[in-house]
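Inside the fold
As a plain string of letters, each chain reads:
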Number of protein chains: 2
Amino acid sequence: MANDKKLVESITSMDVDFAQWYTDVVKKAELVEYSGVRGCTIFRPAGYAIWENIQKELDARFKATGVENVYMPMFIPESLLNKEKDHVEGFAPEVAWVTHGGSEELPERLCVRPTSETLFCDFYSHIIESYRDLPKVYNQWCSVIRWEKTTRPFLRTLEFLWQEGHTAHATAEEAEERTIQMLNLYADFCENVLAIPMIKGRKTDKEKFAGAEATYTIEALMHDGKALQSGTSHNFGDGFAKAFGIQYTDKNNKLQYVHQTSWGMTTRLIGALIMVHGDNSGLVLPPKIAPTQVMIIPIMQKKEGVLEKAAELKEKLGAFRVKVDDSDKSPGWKFSEQEMRGIPLRVEIGPKDIEANQAVIVRRDTREKTVVSLDEIETKIGEILEKMQSDMLERARTHRDTHTYDALTMDEFADTIANKPGFVRAMWCGDQACEDEIKEKTGATSRCMPFEQHSISDTCVCCGKKAKSLVYWGKAY
Amino acid sequence: MANDKKLVESITSMDVDFAQWYTDVVKKAELVEYSGVRGCTIFRPAGYAIWENIQKELDARFKATGVENVYMPMFIPESLLNKEKDHVEGFAPEVAWVTHGGSEELPERLCVRPTSETLFCDFYSHIIESYRDLPKVYNQWCSVIRWEKTTRPFLRTLEFLWQEGHTAHATAEEAEERTIQMLNLYADFCENVLAIPMIKGRKTDKEKFAGAEATYTIEALMHDGKALQSGTSHNFGDGFAKAFGIQYTDKNNKLQYVHQTSWGMTTRLIGALIMVHGDNSGLVLPPKIAPTQVMIIPIMQKKEGVLEKAAELKEKLGAFRVKVDDSDKSPGWKFSEQEMRGIPLRVEIGPKDIEANQAVIVRRDTREKTVVSLDEIETKIGEILEKMQSDMLERARTHRDTHTYDALTMDEFADTIANKPGFVRAMWCGDQACEDEIKEKTGATSRCMPFEQHSISDTCVCCGKKAKSLVYWGKAY
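The paragraphs below set out a description of the structure included in this document. The shown structure was predicted, so the numbers you read here are calculated from the model rather than taken from an experiment. (Residues numbered from 1 in each chain as written. Chains lettered and ligands numbered in written order. Predicted model: local features only at pLDDT ≥ 70, side-chain atom pairs only at ≥ 80, totals over all residues. Heavy atoms only, no water.)

Moving on: the relation of the copies chain B and chain A. Mapping chain B onto chain A is achieved by rotating through 180° and translating by 0.0 Å along the same axis, at an RMSD of 0.0 Å. On the angle and the small slide along the axis, the relation comes out as a two-fold axis. Closest approach to the rotation axis among the C-alpha atoms of chain B is made by Val 98 of chain B, whose C-alpha sits 2.1 Å away. Mapped onto chain A, 98% of the interface residues of chain B are again interface residues, and the two copies thus contact each other with one and the same surface. (Least-squares fit on C-alpha atoms with pLDDT ≥ 70 in both. Contact = heavy atoms within 4.5 Å.)

Shown next as structure tokens:
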């Protein structure tokens, strides 16, 4: 028991120090290991398997909407990065520069891609000629580099994994439609697979992507009341097309510029999973994304027939992602590990259970125990996993809704941010000066102007002038 | 018809200029596009989809043997790369160096990984403590950079995509077993999925991997008689473990060094597919790896009912990867495109076919036509795809076997290499001096010492001393 305790006790309580709790979980659940390169982490099997599942689910959804995958070079020549003015200003300060190949200095520096708009634009300018070549709906799965000063596993790292979709369309309408379509796809995926409810909305001009006409975002609330931008979808209009000369001949034989979009999700989603669902025993993974959904833990496994029965049970549960922990550790230690790793269900089976033709199912999130006959265990596990998935979404939604506050005055705003971690909803006039002032006075940034608008006041919370939009504000990762 | 001809005629005949034919195919089949960075290509949807299928097939086979996927940083600090002497000598001349992050010069240069032995070793030195932590059987899918002077799509590029497996074992026996297991897995995959027969063998010391104790390889013969190294598996012994201090406590509480392996396959497999199976009409893809297996081409598609019937047929063939080409191009143009892209079967269906309740199936490799009733088309297509897959393997095997020559003297060797493109089998004494001399005199390199050894002479083809091994030689990509 001493050892069992050690594993659990070595996690800081989330109420004592949320940041330390987070770090403890990523290490103890063996999601990542720090590497010898500042700000770059190693994805261990337990962490990478979550990303593989995210990729599989998202990729299937992408392809169902006509997305095709491609792969672009990881290097961008400096002159290419410089082609779109806003874009280069946004990214140049945080790129890594390759200056030498082998022992030779390069004639032109290459940056390691922080994002690939410029590469896609250059590519599109070569392959798009006629309206027949449109739309192009391409995506790539890759890693990118951003030279961040402070880093944190999954949330902000020098290198991270992501997908970046880049599309080109004949009309502005079609581009806007695709931008919103992908944002909706992202939100749907997060809610239905990751059990994380999202606020969908538009970023203010201050917060939008470098080079975009409009940036749309999905924002989630973490357990500690901080916001996490979880995915973005950008409408570029024809700005990049003009900078890169991406034109097509329309049906009337006239030259037109294309309209473009881009959209991305990253490994920070794993951080969201941890911070929305985790507890003081470690990670809690929603069944639909968990690499292992059921861990069978044999009790008194040296007794004749126990390991055989556990193996038999695993076979029987082939419809799920199941493992048996038949290592020589104690059951208590195995329980702790299964909990730390966030495996949704554990099934305990020992000599007495076998005699009674039953097993004990324990839910990771509620710790609810169900004794179930082995004859109906398959159906039962299916039901419990489904229930757990929907309960987790509902819990996260309730947490978010009970941590969303309206503010009508700046005092109220500042007081809420200081004392009640969560989203603040407040009206805004649309001026960046007010946005800046709010950030300065409260530390909160605008998260988004939600698609679902309603008015809580006629005046801007900051300047008192006529309000234009309801805005979600918050402290953010 | 003028346009139809243009698409086909614009490919150089492989008999006239094989290198140009290859370049024409990769461009015309829209597998890649050149990028603005020297030696880096863009994988277009048709090219990347082949890689996705390779990944899917290989990854499933890996996991069935207990492999777990991870992801390591793309940067390696210079000091880490320098830790294993042979390894750094092999790779340092061809790495890209990052010297600046944002506007600051880095205290230590970082190389973009050419391969990740050093990162895995550093990682293993931190996470392996006891025999209970072994074996570690990790793999990653990623891109790597090697600063090559001359490049060619898929075959040799500055950046390429690959998987690299890195394992650590308690004993030398287990490491050797894993090395061979993965080589066999590679060969099996190439034969059964890519329809490319492989010679399995061991590399000479001259040709082995920088830092390895032994390198095993699979070698294929291309249509032009040149060899292509298609996958390698290395046994590192405990060399890296000693350089990086990777030790574990065994069951007797004694410190031991681990034994390691690594193994990799790359996007050059796509080059192999092109050069083994392609013909003067373009690419020919084996059914098992083809992103689209069947292209339905409606004939006189403006006639009532034709497009509907084509769509209905697509539904019916849901067990296969099927598309309908209902674009407004002419049927002849569509035939050329389907052939250029190597889609295994085309199904032609027009008003007369519909009236007769039939369709015409055309095989890409033999152009054999089969008229088949729509009632049994699903079964028939399954049979034809299977037959095509095995015919392609047999054709490739026959081509290789009829282009493999034995040489008993240096004159015979030189004459064969000069006049009969293919593999040369010749006996070798084991001295590198002879290997060097053979290369100098004939231009051929040793490909491998095949696992299946037989003697064709008692003496070395070069020096006349006692022969140790039969060796496959050839000109290689």
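Turning next to the pairing of strand β22 (residues 445-450) of chain B. Residue and element names in this part refer to chain B. For β22, a buried count of six out of six residues is recorded, marking the element as mostly surrounded by other parts of the structure. Pairing geometry for strand β9 (residues 199-202) and β22, over two bridges, is antiparallel. Counterpart to Arg 202 in the pairing with β22 is Met 449. Sheet topology places β22 next to strand β23 (residues 469-474); three bridges connect them, and they run antiparallel. Pairing of Ser 446 across the sheet is with Trp 473, part of β23. (Buried < 20%, exposed > 50% of the residue type's maximum accessible area, 1.4 Å probe, protein only. Helix = DSSP H or I, 4+ residues; strand = E, 2+ residues; numbered from the N terminus. Pairing = 2+ DSSP bridges.)

Glancing now at the interface of chain B and chain A. Taken together, the contacts link 49 residues of chain B with 48 residues of chain A. Taking both sides of the interface into account, the surface hidden between chain B and chain A amounts to around 4,300 Å²; carbon and sulfur atoms contribute 64%. If you sort the residues of chain B by the area they bury against chain A, Pro 45, Tyr 71 and Met 74 of chain B come out on top, with a joint share of 14%. For Lys 63 of chain A, the salt bridge identified is with Glu 52 of chain B, shortest N-O distance 3.1 Å. (Buried area = accessible area lost by both parts, 1.4 Å probe. Salt bridge = Lys/Arg side-chain N within 4 Å of Asp/Glu carboxyl O.)

Turning our eyes to something else, we now look at the nonpolar core. Grouped together as the largest cluster of nonpolar side chains are 146 residues, with contacts concentrated most on Phe 75 of chain A together with Phe 75 of chain B. Ignoring anything within four residues of it in the chain, the contact list for Phe 75 of chain A reads Val 98, Leu 110, Cys 111, Val 112 and Leu 119 of chain A together with Val 37, Ala 96, Val 112, Ile 145 and Trp 147 of chain B. (Core = buried A, V, L, I, M, F, W, Y, C linked by side-chain atoms within 4.5 Å.)

Turning our eyes to something else, we now look at the pairing of strand β10 (residues 214-221) of chain B. Residues and elements named next belong to chain B. The element β10 is largely enclosed, with a buried count of eight among its eight residues. Alternating positions in β10 separate into two faces, Ala 214, Tyr 216, Ile 218 and Ala 220 on one and Thr 215, Thr 217, Glu 219 and Leu 221 on the other, with burial throughout. Sheet topology note: the β9/β10 ladder contains four bridges and is antiparallel. Bridge pairing in β10 places Arg 202 opposite Tyr 216. Relative to strand β11 (residues 227-237), β10 is paired through eight bridges, and the arrangement is antiparallel. Residue Thr 215 lies in a different strand from β11, and its bridge partner there is His 234. The hairpin formed by β10 and β11 contains five residues between the paired strands, and Gly 225 there has a positive phi angle of roughly 90°.

Note that every value here comes from positions in space, so none of it alone points to a role or purpose.
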